[in-house]
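# Fold and geometry: a report
One-letter residues, chain by chain:
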Protein chains: 2
Amino acid sequence: MTTEALYGAVDLGGSHIGLALGSVDVEAGEYRVVACRNLEGGGYDGWEPMLDRIAEGLLELVRGVGQNPAAVGVGCPGWVDLEGGVTRFLPNLPSQWRDVPVADLLGARLEAPVYLLNDVRAATLGEFRFGAGRGTSTMALFALGTGIGGGVVVDGRLRLGPLGSAGELGHQIVDPTGPLCGCGNRGCLEAVASGPAIAAAGVRLLRSGQAPALFDLTGGDAGQVSAETMGEAATAGDEAVTKELERIAGLVGIAAANIVVALHPELIVLGGGVAGLGDLLFDRVRRTIAERVRVFPTDDVRVEPAALGTDAGLAGVLVWAASSA
Amino acid sequence: MTTEALYGAVDLGGSHIGLALGSVDVEAGEYRVVACRNLEGGGYDGWEPMLDRIAEGLLELVRGVGQNPAAVGVGCPGWVDLEGGVTRFLPNLPSQWRDVPVADLLGARLEAPVYLLNDVRAATLGEFRFGAGRGTSTMALFALGTGIGGGVVVDGRLRLGPLGSAGELGHQIVDPTGPLCGCGNRGCLEAVASGPAIAAAGVRLLRSGQAPALFDLTGGDAGQVSAETMGEAATAGDEAVTKELERIAGLVGIAAANIVVALHPELIVLGGGVAGLGDLLFDRVRRTIAERVRVFPTDDVRVEPAALGTDAGLAGVLVWAASSA
């Protein structure tokens, strides 16, 4: 009997860091985590002690399991030099990890090759191999949260580009004169349809007295307005909230429609906290694609929720490690 | 000495039909036409006599050259069933060629396998293998003319989808509430930046007395206003014309920027008559990408003119035939 190969996975986030050891079976569309652990994020003391804690944490998992990983994948929130295994710019981490040779440093500690990948591209790969995208060949994922990330798989292959930055679907321009985005541009999907953009629309309705149910739900506290409370207010009967959410979902639909004309994917996956809006979001996105893409038939394009939740990133770097090794 | 394989090429257009026999050398990035002929388009008598003339024309070329083609590629202006070699809908041809089994019918006449491909995807493949895109791996082409077509090559492979319809970059929505497009949608790039859209902007300036040079160039005749005369008027000093062309070029830039964030291509190719605007167009598109794509560095994304002109489509179906056979 041969031992199944194990791979290491690191999901490097601002508030927490996920570590795992697991195996993958791409043919079967399955992965299995055999050991995992969460570390606190932070890292205000710089990247070196953080990398040290990651290495220690993984080594502890390895000792527990009694088997070395054949390779390790690291999901990073930003740009990475894929070829060299060097982080370039991770804007949401305190020390930004500029030009850190993570693959070399971590590889030396773990005695295994280490492969970096952007975290949302990792989640896209996870959903493609093991989740909503299982069995498809071309798909796009929108991760709708505080920011909007994304990823595209074309003809069975995750599209990356030299920095692993292809697939930044949240920075498609859907409103050329629209509000300022965190990236510095105007009118990106992220600027008009992320969690904060939805909350902003809700705060306006709250303050202008157009959303009685939202007022009740939040006690009139703008700090309590979120995509979640907006969804609840819509369900509770706030018509203005419903209309605003439909308008915003329509903008997600426009970004999705633009991907459909460019790539004619079989599947659009919507994930992240904002996808919790459910039918209100999904129906509108489906309708927008049907109404807006007229240049060819799109009956074969499905719009589905992500299936793996927050595990998608870890699952993705596991298979990334396995396929890179 | 082995004889070099010859392939047949058909570029099926509304006003003319191009026929050719040629060879391809993908490694060297070269193709060679050994015989060619143009037929008049039209076909108001239906698709059957047209297909007959195409078969006769190709057979005449074959007799002249004395060598049968190993395969034949046909570029079609619309949707095709790639797998079955059946046209689905060619909206710009009089009889629309609905569900015509071109591969079977033409293949029987020519005694060679026949492969269909959308004409702008064919031009994209031609530019990728032999023109502006030689040596690149991921690129997008915008064919800016009376309509706006396009194509994308991802990681060395032309993206098609089941109807060969992926890459319809002219139907990206760049202005959600914008003017009606020929496809039935609103605010497509084609509706705001095609030849007719540019002419419309010019007619407004002409009629409202804002474009003295354009007035001189056209003798005040709206029928003479085109992308070409607009370009000339800008050069001749019409400031309002320059500003309108820059605004429109900026919309092409937005569509290009959206492709850059989605795919991070090495190259954006601009072709078609509107690309004759030259620097005014290209500089603005480059600047728009630089200013609008902030989520990752894009210094490595080039924006270049198409290199093969109207031959791109024939060159593309030649290599399509060669690689499909």
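Further up the page is the structure itself.
Residues numbered from 1 in each chain as written. Chains lettered and ligands numbered in written order. Predicted model: local features only at pLDDT ≥ 70, side-chain atom pairs only at ≥ 80, totals over all residues. Heavy atoms only, no water.

At the interface, 40 residues of chain A touch 40 residues of chain B. Around 3,500 Å² of area is buried between chain A and chain B when both sides are counted, 58% of it from carbon and sulfur atoms. Counting across the interface, chain A meets chain B through four salt bridges. One salt bridge in this structure joins A:D155 and B:R159, with 2.7 Å as the shortest N-O distance. At the boundary of chain A with chain B, the tally comes to 24 residue pairs in polar contact (both at pLDDT 80 or more). Elements that contribute at least two residues to the side of chain A that touches chain B include exactly β9 (148–154), β10 (157–158), α8 (239–263) and α9 (279–292) of chain A. Top element by residues in the side of chain A that touches chain B is α8(A). It accounts for seven residues. Residue composition of the side of chain A that touches chain B, grouped by class: 22 nonpolar, nine polar and nine charged. (Contact = heavy atoms within 4.5 Å. Buried area = accessible area lost by both parts, 1.4 Å probe. Salt bridge = Lys/Arg side-chain N within 4 Å of Asp/Glu carboxyl O. Polar contact = N/O pair within 3.5 Å; in protein donor to acceptor, adjacent residues only side chain to side chain. Helix = DSSP H or I, 4+ residues; strand = E, 2+ residues; numbered from the N terminus. Nonpolar A, V, L, I, M, F, W, Y, C, P; charged D, E, K, R; others polar.)

All right, on to the sheet that holds strand β3 (residues 30–40) of chain A then. Residues and elements named next belong to chain A. Across the sheet, five strands lie side by side as β3-β2-β1-β4-β7; this open sheet has mixed pairing. Only two strands of the sheet have a single neighbouring strand rather than two, namely β3 and β7 (114–118). Taking the axes of each pair of neighbouring strands and ignoring which way they run, one obtains an average angle of 20° across the sheet. Along the sheet face, helix α1 (residues 47–65) touches β1 (7–12), β2 (16–25), β3 and β4 (71–76) and points at about 40° away from the line of β2. Relative to β1, helix α10 (residues 312–324) is tilted by about 135°, and along the sheet it contacts β1, β2, β3, β4 and β7. (Pairing = 2+ DSSP bridges. Axes fitted to C-alpha atoms, helices over the stretch in contact; angles between N-to-C directions.)

What follows deals with the sheet that holds strand β4 (residues 71–76) of chain B. Residues and elements named next belong to chain B. The strand order across the open sheet built from five strands is β3-β2-β1-β4-β7, with neighbouring strands paired in mixed fashion. Each edge of the sheet is formed by a strand with only one pairing partner; in this case those strands are β3 (30–40) and β7 (114–118). Ignoring strand direction, the axes of neighbouring strands in this sheet form an average angle of 20°. With respect to the sheet, helix α3 (residues 119–130) is in contact with β1 (7–12), β2 (16–25), β3, β4 and β7, its orientation differing from that of β7 by roughly 95°. Those strands touched by helix α10 (residues 312–324) are β1, β2, β3, β4 and β7, and its axis lies near 135° from that of β1.

Bridge count between strand β5 (residues 79–81) of chain A and strand β6 (residues 86–89) of chain A: three bridges; the pairing is antiparallel. Residue A:D81 lies in a different strand from β6(A), and its bridge partner there is A:V86.

As a further point, take the nonpolar core. Core analysis: the biggest nonpolar cluster contains 124 residues, and A:I268, A:L270 and B:L270 have the highest contact counts within it. Per-element accounting of this core gives the leading share, 16 residues, to helix α8 (residues 239–263) of chain B. Once residues lying within four places of it in the same chain are set aside, the contact partners of A:L270 are A:F142, A:L144, A:V252, A:A275, A:L281, A:F282, A:V285, A:V303, A:E304, A:P305 and A:A306. By size, the runner-up hydrophobic cluster in this structure holds 61 residues, among which are A:A9, A:L21, A:L158 and A:V269. (Core = buried A, V, L, I, M, F, W, Y, C linked by side-chain atoms within 4.5 Å. Buried < 20%, exposed > 50% of the residue type's maximum accessible area, 1.4 Å probe, protein only.)

It is worth spelling out the state of the cysteines at this point. Applying the stated criterion across every chain yields a total of zero disulfides over all chains. The cysteine A:C36 is free of any disulfide, with A:C76 supplying the nearest cysteine sulfur at 19 Å. Looking at B:C181, it has no disulfide partner, and the nearest cysteine sulfur is the one in B:C183, 3.8 Å off. (Disulfide = S-S within 2.5 Å.)

The next point concerns the relation of the copies chain A and chain B. After a rotation of 180° and a shift along the axis of 0.0 Å, chain A superposes on chain B with an RMSD of 0.0 Å. Each copy turns onto its partner about a two-fold axis. (Least-squares fit on C-alpha atoms with pLDDT ≥ 70 in both.)

A few words now on the environment of A:G42. All names here are of chain A. With respect to the helices, strands and loops of the structure, G42 is situated in the loop between β3 and α1. Under the relative-accessibility criterion, G42 is labelled buried at 18%. When the C-alpha positions of G42 and S95 are compared, they lie 9.5 Å apart, and in sequence the two are 53 residues distant. Every residue in contact with G42, bar those within four places of it in the chain, is listed here: G14, M50 and P94.

Turning to the side chain of A:E168, a few remarks are in order. Locating A:E168 in the fold gives a position in the loop between β10 and α4 (189–193). Of note is the side chain of A:E168, whose polar atom sits 3.1 Å from the side chain of A:R121. Those residues within four positions of A:E168 in sequence are excluded, and the remaining contacts are A:N118, A:R121, A:I148, A:G149, B:V261, B:V295 and B:F296.

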